[in-house]
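Residue-level structure breakdown
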Amino acid sequence: MSAGTVSEVFVELRVVFNGQPKEFRANVHQPLRPVFQRALAEFGVQPTQPDEYGLFLEGQNQPLELDRKIEDLNLPENAVLILQRRTPPRGG
């Protein structure tokens, strides 16, 4: 490995949707968006609008920034992320 190469470091993340957890392994040097997109596919969620859903750190009300690197979000190993709607559905 050359001196300029960034080593790959992976973290295990748990994404929960409707009470069902799934494990994802992600490179900390990559943005969170690929994990989000894999979670949507794994759970069979097909949003009608691009920003309809978000990933939230367990216990927090603000969605995580999907285009930030995982290491920059300071997510701990085995962090629990909640896949949910950013806003409640309208109408009824």
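Now for a description of the structure that goes with this document. (Residues numbered from 1 in each chain as written. Predicted model: local features only at pLDDT ≥ 70, side-chain atom pairs only at ≥ 80, totals over all residues. Heavy atoms only, no water.)

Before going further, it helps to examine the sheet that holds strand E3 (residues 53-57). Strand order in this open sheet of 4 strands is E2-E1-E4-E3, and the pairing throughout is mixed. The open sheet has two edge strands with one neighbour each: strand E2 (20-27) and E3. Taken over all neighbouring pairs, the strand axes of this sheet differ in orientation by 30° on average, direction set aside. Against the sheet, helix H1 (residues 33-43) contacts strand E1 (10-17), E2, E3 and strand E4 (79-85), and its axis sits at roughly 145° relative to E2. (Pairing = 2+ DSSP bridges. Helix = DSSP H or I, 4+ residues; strand = E, 2+ residues; numbered from the N terminus. Axes fitted to C-alpha atoms, helices over the stretch in contact; angles between N-to-C directions. Contact = heavy atoms within 4.5 Å.)

Position of Glu52 among the secondary structure elements: in the loop between H1 and E3. Judged by its relative accessible area of 14%, Glu52 is buried. For Glu52, the residues in contact, after removing those within four places along its chain, are Pro47, Gln84, Arg85, Arg86 and Thr87. (Buried < 20%, exposed > 50% of the residue type's maximum accessible area, 1.4 Å probe, protein only.)

Looking now at the packing of aromatic side chains. For the structure shown, the criterion picks out 2 aromatic pairs. With a centroid separation of 5.5 Å and 50° between ring planes, the pair formed by Phe17 and Phe43 is classed as tilted. One end of the pair, Phe17, is in strand E1; the other, Phe43, is in helix H1, and 26 residues separate them in sequence. By relative accessible area, Phe43 is classed as buried at 17%. Relative to Tyr53, the ring of Phe17 lies with its centre 6.3 Å away and its plane at 65°, an arrangement referred to as edge-to-face. A residue pair is termed long-range when its members are at least 10 positions apart, and Phe17 in strand E1 and Tyr53 in strand E3 qualify at 36 residues. Chaining the aromatic ring pairs together yields one cluster made of Phe17, Phe43 and Tyr53. Its end group placed over the ring of Phe10, Arg25 keeps NZ or CZ at 4.5 Å from the ring centre. (Phe/Tyr/Trp six-rings, centres within 6.5 Å; stacked < 30°, edge-to-face > 60°. Lys NZ or Arg CZ within 6 Å of the ring centre and 35° of its normal.)

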